[in-house]
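The chain contents come next:
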Amino acid sequence: ENIVLADARIPVVMNATGLAHIGADEIRRNMLCQLTGPVLFSQSLLTLEQMGIELFVEVGPNRVLSGFAKKTTPEISMVRVENPKTLQKALEKIR
């Protein structure tokens, strides 16, 4: 409550709803729901696909989310970053 949020400049896809939001109040409310309740990750992926997203970047040591994303949205490219070497590869693909 003490953190000031402004409306987003680009839509923020919230896993609590699976939808894109811009309003600061909506984002704040959905962040709390996202931390304390179930998420709609599959719907979030589909929303991103509908928005024209062409590349997902997964950051972390495991492949759980990238594997799930590949099954849900197979047309979207995926790169994983888990260390400096894979970060370099991801940056090369993004450019």
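Scoring rules and cut-offs
- Residues numbered from 1 in each chain as written.
- Predicted model: local features only at pLDDT ≥ 70, side-chain atom pairs only at ≥ 80, totals over all residues.
- Heavy atoms only, no water.
- Buried < 20%, exposed > 50% of the residue type's maximum accessible area, 1.4 Å probe, protein only.
- Helix = DSSP H or I, 4+ residues; strand = E, 2+ residues; numbered from the N terminus.
- Arc of directions from axis to C-beta.
- Salt bridge = Lys/Arg side-chain N within 4 Å of Asp/Glu carboxyl O.
- Pairing = 2+ DSSP bridges.
- Right-handed = clockwise from strand over helix to strand, strands pointing away.

Draft legend 1. Broad picture of helix H2 (residues 41-50). Ser44, Leu45 and Thr47 are the residues of H2 that are buried. Angular distribution of buried residues about the axis of H2 spans 160°; they occupy a single face of the element. Positive phi shows up at Gly52, right after H2, with a value of about 95°.

Draft legend 2. Fine view of the pattern of salt bridges. The final tally for this structure, using the stated rule, is two salt bridges. The salt bridge involving Arg80 is made with Glu82; its shortest N-O contact spans 3.2 Å. Taking relative accessible area as the criterion, Glu82 reaches 41% and is therefore assigned partly exposed. Through salt bridges that share partners, Glu58, Arg80 and Glu82 make up one connected network.

Draft legend 3. Region of the structure containing the pairing of strand E4 (residues 77-81). In terms of burial, E4 is largely enclosed, as four of its five residues are buried. Taken together, the five bridges between strand E3 (residues 55-59) and E4 define a ladder with parallel strand orientation. Paired with Leu55 across the strands is Ser77, a residue of E4. In terms of handedness, the path from E3 via helix H3 (residues 64-72) over to E4 forms a crossover that is right-handed.

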